[in-house]
Amino acid sequence: MPDPNGFLRYNRRLPARRPVPVRISDWREVYPPAGEELVREQATRCMDCGIPFCHDGCPLGNRIPDWNDLVRTGSWDAAVDSLHATNNFPEFTGRLCPAPCEAACVLGIGGGAPVTIKQVEVEIADAAVARGGLDPHPAAAPTGRSVAVVGSGPAGLAAAQQLARAGHAVTVYERDDAIGGLLRYGIPDFKLEKQHIDRRIAQLAAEGVRFRTGVNVGVDVTAEQLREAHDAVLLACGALQGRDTPETPGRELRGVHQAMTHLVAANRVVAAAGGGRPALAVLPDGTPIDAAGKHVVIIGGGDTAADCLGVAHRQGAAGVHQLDLYPEPPHSRDAGRDPWPTWPWILRNYPAHEEGGDRVFAAAVQEFVDDGTGQVKSVRIAEVTVEKRDGRRIVTPLPGSERELPADLVLLAIGFEGTERQPLLEQFGVARNARGAIDARPDWQTDADGVFVAGDMHRGASLIVWAIAEGRAAAAAIHAYLGGVGELPAPVDPARQPLAAR
């Protein structure tokens with residue numbers, strides 16, 4: 001039985017972040033370990049509700065009340081098993097997921113403080129490593145069937161692990177030089193140190209998964225070759241086509257870049273330094289893209305923009321402005337707009353925001369201003385109003401509100417337009433839909449028989465929990481397609497959507 005008074009005895013608490021002056025001098029994670037006493041205290045706040053709405057908030061179907069109570073009673077090994085029963089990579093989700101499960105926690109009704117589900121999760125995951133490592137679970141016997149997984153982000157890796165444990169021979173193809181997808185080069189180390197990825201790769205390799213890096217499917221290996229070598233193919237290439245603003249005057253100027261270009265360059269520098277190699281943050285053509293000593297303007301208000309903000313601080317930017325098209329959100333849930341237990345529109349302050357920089361809401365760039373040499377020197381912005389008409393977003397500048405911000409480096413973090421246009425799509429005979437994603441049948445197959453799709457490539461840019469859930473579900477479908485014995489867990493179907501008010 002849970003402690004029925006736990007939420008009354010303990011307030012919601014998180015571990016203190018590392019001090020700002022310390023953490024911006026390195027690339028280590030912002031949060032230190034919470035400590036067993038704090039974690040057990042916070043797990044005790046979970047009431048094990050009769051109807052645990054946190055299950056509906058999480059597409060993985062994590063058994064949150066179960067492992068909360070196991071932590072409360074000190075049963076850490078059992079908590080580790082319960083957590084891994086539904087989530088292949090809880091150390092990733094515990095660090096990166098914005099926690100829709102917490103938004104759906106019953107303790108959050110009426111403005112209450114939900115259980116620190118995400119923090120308990122990451123502590124259980126780290127305890128698994130501390131208490132003996134991540135043991136591999138290889139299949140008892142091979143099935144003789146082979147699967148190619150194209151893309152090594154969380155969806156591809158989750159599917160690969162599920163299929164390998166079912167006895168199939170799995171090969172993961174990654175066009176980059178290291179496994180991990182966006183986890184590797186898209187997420188800064190201050191959110192996810194790469195040792196966590198390396199541990200999982202070692203576990204998957206011990207379970208029989210083969211990894212081939214530096215292989216661009218559709219270029220280095222054709223789709224036909226891949227289909228000849230494998231019995232099924234899973235496409236899990238992500239949604240990396242960044243949204244742009246080509247109509248804005250001055251977009252062609254030097255110093256105006258997609259945000260992901262900057263993040264990848266910065267992550268490569270950190271990775272090189274960790275390997276004892278000197279490196280500079282540069283574009284593929286060698287052009288520098290470092291924020292050191294520069295006035296930086298970040299356009300966008302989401303996770304990617306916050307990542308760019310944290311990177312700019314650590315690179316030594318002279319100053320940073322972050323622009324958000326929309327007005328400042330409320331600090332607490334508006335029940336009329338986003339009733340519990342749906343995901344609320346509220347002001348989200350990331351650790352990077354307490355490190356510096358200025359946030360400007362309800363503002364849009366009118367022009368990137370040339371310094372006379374083809375280099376951006378500033379951005380001209382205006383206050384705006386945003387409204388929806390017939391499903392379209394109408395942005396209206398307010399007359400007389402224009403002003404300029406200094407800008408030597410401008411980063412576009414305004415979202416993604418789906419999966420990239422690439423040769424493998426045509427070769428496999430699949431096409432992007434109107435959202436830039438790849439449609440899936442109810443059994444996760446694309447329009448090409450034997451070719452499946454999962455993760456952001458199917459859903460569009462989304463949360464890591466959705467990527468892992470879709471990877472697990474697609475693996476179950478592939479297992480059935482290959483005639484595998486028994487069933488693998490399938491937490492979602494291709495039509496599943498996040499919890500929302502109708």
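Residues numbered from 1 in each chain as written. Predicted model: local features only at pLDDT ≥ 70, side-chain atom pairs only at ≥ 80, totals over all residues. Heavy atoms only, no water.

Visitor: Please explain the overall build of the chain as it appears in this structure.
Guide: Each helix and strand counted, the chain has 18 helices and 14 strands in total. Computed over the C-alpha atoms, the radius of gyration of the chain is 23 Å, within 12% of the 23 Å expected from 2.2 N^0.38 for a compact globule of 502 residues. Oriented by its inertia axes, the alpha-carbon framework of the chain measures out at about 70 × 60 × 55 Å. The buried share of the chain, taken over its 502 residues, is 51%. Sequence-distant contacts in the chain: of pairs separated by 6 or more residues, those separated by 24 or more amount to 68%. Working note: accessible area of the chain is about 21,900 Å², and carbon and sulfur atoms make up 51% of it. Positive and negative charge centroids in the chain, built from 51 and 63 side chains respectively, lie 2 Å apart. (Helix = DSSP H or I, 4+ residues; strand = E, 2+ residues; numbered from the N terminus. Rg over C-alpha atoms; globule rule 2.2 N^0.38 Å. Buried < 20%, exposed > 50% of the residue type's maximum accessible area, 1.4 Å probe, protein only. Contact = heavy atoms within 4.5 Å. Areas by Shrake-Rupley, 256 points an atom, 1.4 Å probe, with all protein chains shown as cover. Lys, Arg positive; Asp, Glu negative; His and termini not counted. Charge placed at Lys NZ, Arg CZ, Asp CG, Glu CD.)

Visitor: Help me understand the layout of surface pockets, please; the structure alone is not making it clear to me.
Guide: Regions of empty space are outlined by a rolling probe, equal in size to a water molecule, passed over the atoms. The computed volume of the second largest pocket comes to approximately 410 Å³. If you trace the second largest pocket, you find 19 residues lining it, with Val80, Asp81, His84, Asp135 and His137 closest to the centre. If you list the elements that add at least two residues to the lining of the second largest pocket, you get helix H6 (76–84), helix H10 (154–165) and helix H12 (195–206). Here the element with the most residues in the lining of the second largest pocket is H6; it accounts for 4 residues. A breakdown of the residues in the lining of the second largest pocket according to their chemical character gives 6 nonpolar, 6 polar and 7 charged. (1 Å grid on protein atoms, 1.4 Å probe; cavity = no way out; pocket = protein on both sides within 12 Å on 5 of 7 lines; lining within 4 Å. Points joined across faces, edges and corners; volume = space filled by probe spheres on them. Nonpolar A, V, L, I, M, F, W, Y, C, P; charged D, E, K, R; others polar.)

Visitor: Quick question: what am I supposed to make of the packing of aromatic side chains here?
Guide: The geometry of two aromatic rings is summed up by the distance between their centres and the angle between their planes. Overall, the coordinates contain 4 aromatic pairs when judged by the stated rule. Consider the rings of Trp27 and Phe190, whose centres lie 6.4 Å apart with planes at 25°: the pair is stacked. Taken as a pair, Trp27 in the loop between helix H2 (20–23) and helix H3 (36–44) and Phe190 in the loop between helix H11 (182–185) and H12 lie far apart in primary sequence, 163 residues in all. Take Trp27: its relative accessible area is 24%, and that puts it in the partly exposed class. (Phe/Tyr/Trp six-rings, centres within 6.5 Å; stacked < 30°, edge-to-face > 60°.)

Visitor: Mind showing me how you'd approach the side chain of Thr419 here?
Guide: Looking at the element boundaries, Thr419 is found in the loop between strand S13 (409–412) and helix H16 (423–428). Polar contacts involving the side chain of Thr419 include one to the main-chain carbonyl oxygen of Gly238, which spans 2.9 Å. When near neighbours in sequence (up to four residues on either side) are disregarded, Thr419 contacts Cys237, Gly238, Ala239, Leu240, Gln241, Leu425, Arg432, Gly436, Ile438 and Met457. (Polar contact = N/O pair within 3.5 Å; in protein donor to acceptor, adjacent residues only side chain to side chain.)

Visitor: How should I be thinking about the sheet that holds strand S1 (residues 146–150) in this particular structure?
Guide: One key point about sheets: their strands pair by backbone hydrogen bonds, in either a parallel or an antiparallel sense. Sheet architecture is open: 5 strands sit in the order S3-S2-S1-S4-S14, paired in parallel fashion. The open sheet has two edge strands with one neighbour each: strand S3 (210–213) and strand S14 (451–453). The sheet shows a mean angle of 20° between the axes of neighbouring strands, direction not considered. For S1 and strand S4 (residues 232–235), the ladder comprises 4 bridges, and the chain directions are parallel. Directly across from Val150, in S4, lies its bridge partner Leu235. Against the sheet, H10 touches S1, strand S2 (169–174), S3 and S4, its axis set at about 165° to S2. (Pairing = 2+ DSSP bridges. Axes fitted to C-alpha atoms, helices over the stretch in contact; angles between N-to-C directions.)

Visitor: For this particular structure, what's the right way to read the environment of Val376?
Guide: Structurally, the position occupied by Val376 is in strand S10 (residues 376–389). A relative accessible area of 2% means that Val376 is categorised as buried. As a C-alpha pair, Val376 and Val410 span 34 residues in sequence and 8.1 Å in three-dimensional space. Among all residues touching Val376, those that are not within four sequence positions of it are Leu253, Arg254, Gly255, Val256, Phe368, Val369, Ala407, Asp408 and Val410.

Visitor: Could you clarify how one ought to interpret the sheet that holds strand S6 (residues 295–299) in this entry?
Guide: One open sheet accounts for 5 strands, arranged S5-S13-S6-S7-S8; its pairing is parallel. In the strand order of this sheet, the two ends are held by strand S5 (256–258) and strand S8 (358–360), each with one partner. Between one strand axis and the next, the sheet turns by 20° as a mean value, whatever way the strands run. Bridging between S5 and S13 involves 3 bridges; their strand directions are parallel. Residue Gln258 lies in a different strand from S13, and its bridge partner there is Leu412. Contacts from helix H14 (residues 259–274) reach S5 and S13, with the element oriented near 80° to S5. Seen against the sheet, helix H15 (residues 303–315) touches S6, strand S7 (319–323) and S13 and runs at an angle of roughly 175° to S7.

Visitor: Where do I start with the nonpolar core in this structure?
Guide: Soluble globular proteins tend to pack their nonpolar side chains together in the buried interior. With 65 residues, the main nonpolar core has Trp67, Val71, Ile124, Val170, Leu234 and Ile478 as its most contacted residues. With 10 residues, the single largest contributor to this core is helix H18 (residues 464–481). Formed by 23 residues, the second largest nonpolar core is a distinct cluster that contains Ala259, Leu263, Ala291 and Leu409. (Core = buried A, V, L, I, M, F, W, Y, C linked by side-chain atoms within 4.5 Å.)

Visitor: I tried to follow the pattern of salt bridges on my own but got confused; where do I start?
Guide: Should the charged atoms of two oppositely charged side chains come close, the side chains can pair. Under the counting rule described, the total for this entry stands at 29 salt bridges. The partner of Asp176 in a salt bridge is Arg268, with the nearest N and O atoms 2.5 Å apart. Taken together, the residues Asp176 in the loop between S2 and H11 and Arg268 in helix H14 connect sequence positions 92 residues apart. Taking the relative accessible area as the measure of exposure, Asp176 reaches 25% and is therefore partly exposed. One network of salt bridges, in which partners are shared, links Arg17, Arg23, Arg314, Glu354 and Glu355. (Salt bridge = Lys/Arg side-chain N within 4 Å of Asp/Glu carboxyl O.)

Visitor: Explain the packing of H14 against H15 here, please?
Guide: When two helices pack together, their arrangement is captured by the angle between the axes and the distance separating the axes. Taken N-terminus to C-terminus, the directions of H14 and H15 make an angle of 45°; their axes are 10 Å apart at the nearest point. On the basis of the axis angle, H14 is oblique to H15. Relative to H15, the crossing made by H14 is left-handed. Residue-level inspection shows Ala259, Met260, His262, Leu263 and Ala266 of H14 in contact with H15, the latter providing Thr304, Asp307, Cys308, Val311 and Gln315. Looking at side-chain class alone, the contact of H14 with H15 contains 6 nonpolar, 3 polar and 1 charged residues. (Parallel < 35°, antiparallel > 145°, perpendicular 65-115°, else oblique. Left-handed = near helix turned anticlockwise from the far one by under 90°.)

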